[in-house]
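# Structure at a glance
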Amino acid sequence: MEILTAIAVLVLVYMSFTVSASAGLGGSLLLVPTLALFLGSKEGVALAALLLASNNVMKIIAYRRTLPYRAASGITVLIVIGAVFGSTLLVKAPVAWVTAGIVVMFAASVLAERYEVKKVRSGFAPFLALVSGASSGFSGTSGPLKGVAIRNLNLDRRHFVGAASLASFAGDAAKTAIFADAELLGRTSVLVALAAIPLMALGTWTGSRLNNRAGEQTFAVMFWTVMVGYTVRLGILLF
């Protein structure tokens, strides 16, 4: 049973990398609940940050020709600031609070998707970036907030994934540094991280090919499918 569990976890890890590389974000959609169930809330969030940061290095390499440094710089800085704040809270908070924070963030994601996504303009993007970083640091996922913030930069699909990779790497790297200092990662986390290395390359290659073959309309469908995925995950966790 333990072997089957480990295989299932690694399959979901690979799927999360593929989703992230094709849609630009959404890796935490599968990764955070999978690792939280497998390792516990705090260690699961911490390992997810490490894996996502490492995976974003792969994505940056894959999308190196379409990295909009200037366009993404402001949002990236705000995501890092928020991530540092949120992850510091996670380290100090009781496990029950972190678990509740994950559920609350999923609920907030649903409300944001239902009431705010279509009303948000580019001037609101910095606020979304800051909040997404803080929520990601505490709950392991920013929900649709980061995606909407980057979407407001009006980039094509390749540059969108490039911007998401830069912003996500910076935020996840900041979280990982704080979690590592707090020694949240145990032996099992290290083994999972090592096993995930080849899956990062494979998932990034698969996702990049999917993105390259998709037109802008297809990519828009992929993006909003990821957004809807957060809503579905909320329903699963509530029941």
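Note that the structure is predicted; figures quoted are calculated from it, not measured.

Summing up its helical and strand segments, the chain has 10 helices and zero strands in all. Secondary structure of the chain in N-to-C order comes out as α-α-α-α-α-α-α-α-α-α. Counting only residues that meet the buried cut, the chain has 53% of its 239 residues in that class. Total accessible area on the chain is roughly 11100 Å²; 69% of this is exposed by carbon and sulfur atoms.

End to end, helix 9 (residues 187-213) covers 39 Å across 27 residues, agreeing with the expected 39 Å (1.5 Å per residue, within 8%). Of all bends in helix 9, the biggest is about 35°, found at Ile-197, and the proline Pro-198 comes one to four residues later. Those residues of helix 9 not exposed but buried are Ser-189, Val-192, Ala-193, Ala-196, Leu-199, Met-200, Gly-203, Thr-204, Thr-206, Gly-207, Ser-208 and Asn-211.

A few words on the nonpolar core. Core analysis: the biggest nonpolar cluster contains 22 residues, and Val-13, Phe-17, Leu-31, Leu-35, Leu-47, Leu-51 and Phe-179 have the highest contact counts within it. Only helix 1 (2-23), helix 2 (27-39), helix 3 (41-62) and helix 9 provide two or more residues apiece to this core. Those residues in contact with Val-13 that sit more than four places away from it in its chain are Leu-31, Ala-196 and Leu-199. Counting residues in each nonpolar core, the second largest holds 16 residues, with Leu-25, Leu-67, Ile-79 and Ala-129 among its members.

Attention shifts here to a nonpolar patch on the surface. On the surface, Ile-3, Leu-4, Ile-7, Val-11 and Met-15 cluster together into a nonpolar patch covering about 490 Å² of accessible area. In this structure, Met-15 sits in helix 1.

Side-chain pairs of opposite charge can arise whenever the charged atoms involved come near each other. Considering all chains together, one arrives at one salt bridge under this definition. For Asp-172, the salt bridge identified is with Lys-175, shortest N-O distance 3.1 Å. Taken together, the residues Asp-172 and Lys-175, both in helix 8 (residues 157-181) and three residues apart, mark about one turn of the helix. With respect to burial, Asp-172 and Lys-175 carry one shared label: buried.

With that out of the way, let us pick up the side chain of Lys-59. On the secondary structure map, Lys-59 appears in helix 3. For the buried Lys-59, which has no salt bridge, the nearest side chain bearing the opposite charge is Asp-172, at an N-O separation of 7.5 Å. Of the polar contacts made by the side chain of Lys-59, one reaches the side chain of Ser-20; its length is 2.7 Å. Within the structure, Lys-59 has its side chain in polar contact with the side chain of Asn-56 (distance 3.0 Å). Look past the residues within four positions of Lys-59 in its chain and what remains in contact with it is Ser-20, Ala-21, Gly-24, Ser-165 and Thr-204.

This part takes up the packing of helix 3 against helix 8. Here helix 3 crosses helix 8 at 145°, and the two axes come no closer than 8 Å. The chirality of how helix 3 crosses helix 8 is left-handed. Contacts from Val-45, Ala-46, Ala-49, Leu-50, Leu-52, Ala-53, Asn-56, Val-57, Lys-59, Ile-60 and Ala-62 of helix 3 reach helix 8 at Arg-158, Ala-164, Ser-165, Leu-166, Ser-168, Phe-169, Asp-172, Ala-173, Lys-175, Thr-176 and Phe-179. Its residues assigned to classes, the contact of helix 3 with helix 8 comprises 14 nonpolar, four polar and four charged.

Two elements in contact, helix 8 and helix 9, have axes separated by 9 Å at closest approach and are oriented at 145°. Touching Arg-157, Arg-158 and Val-161 of helix 8 are Ser-208, Asn-211 and Asn-212, all from helix 9. Along the lines of polarity and charge, the residues of the contact of helix 8 with helix 9 split into one nonpolar, three polar and two charged.

Spanning 24 residues, helix 4 (residues 69-92) covers 33 Å between terminal C-alpha atoms, matching the ideal 34 Å at 1.5 Å per step. If you look at helix 4, its biggest bend is around 30°, right at Ile-75. Of the positions making up helix 4, those classed as buried are Ala-72, Ile-75, Thr-76, Ile-79, Gly-82, Ala-83, Gly-86, Ser-87 and Leu-90.

For the rest of this paragraph, the subject is the environment of Ala-53. Turning to its location among the elements, Ala-53 is positioned in helix 3. Exposure remark for Ala-53: the relative accessible area of 7% places this residue in the buried category. For the pair Ala-53 and Asp-172, spaced 119 residues apart in the sequence, the C-alpha separation amounts to 4.9 Å. Residues contacting Ala-53, with those up to four places away along its chain left out, are Phe-169, Asp-172, Ala-173 and Thr-176.

What counts as what
Once a new chain begins, its residue numbering starts again from 1 and follows that chain's sequence as written. Owing to the predicted nature of the model, reporting of local features is limited to residues with pLDDT of at least 70; listing and counting of side-chain atom pairs is limited to 80 or more, with chain, interface and lining totals taken over all residues. The side-chain values count all of the structure's non-hydrogen atoms but skip hydrogen atoms and water molecules. Helix and strand assignments follow DSSP, with helices taken as H or I runs no shorter than four residues and strands as E runs no shorter than two, numbered in order from the N terminus. Note on classification: 1.4 Å probe, protein chains only; a residue is buried when its accessible area is under 20% of the maximum for its type, exposed when over 50%, partly exposed between these limits. Using a 1.4 Å probe, the Shrake-Rupley method yields the accessible areas, and only the shown protein chains count as cover for residues. Residue count minus one, scaled by 1.5 Å, sets the expected span of a helix. A residue's bend is given by the angle between axes fitted to the 7 residues ending at it and the 7 residues starting at it. Residues belong to one nonpolar core when they are buried, are Ala, Val, Leu, Ile, Met, Phe, Trp, Tyr or Cys, and are joined through side-chain atoms within 4.5 Å. Contact between two residues is taken to exist if any of their heavy atoms lie within 4.5 Å; hydrogens are not considered. By definition, no residue in a patch forms a salt bridge, and every one has over 30% relative accessible area; like charges are joined within 9 Å, nonpolar side chains (Val, Leu, Ile, Met, Phe, Trp, Tyr) within 5 Å. Basic side-chain nitrogens of Lys or Arg form a salt bridge, by our definition, when they fall within 4 Å of a carboxyl oxygen of Asp or Glu. Asp and Glu count as negative and Lys and Arg as positive, but His and the ends of the chain are not part of the count. Polar contacts, as used here, are pairs of N or O atoms within 3.5 Å; protein pairs need one atom able to donate a hydrogen and one able to accept it. Residues neighboring in sequence count only if both atoms are side-chain atoms. Lines fitted to the C-alpha atoms define the axes, with helices restricted to the stretch that makes contact. Angles between their N-to-C directions range from 0 to 180 degrees. Left-handed is the label given to a crossing in which the near helix is rotated counterclockwise from the far helix by less than a right angle, and right-handed is the label when the rotation is clockwise. Residue polarity follows a fixed list, in which Ala, Val, Leu, Ile, Met, Phe, Trp, Tyr, Cys and Pro are nonpolar, Asp, Glu, Lys and Arg are charged, and the others, Gly among them, are polar.

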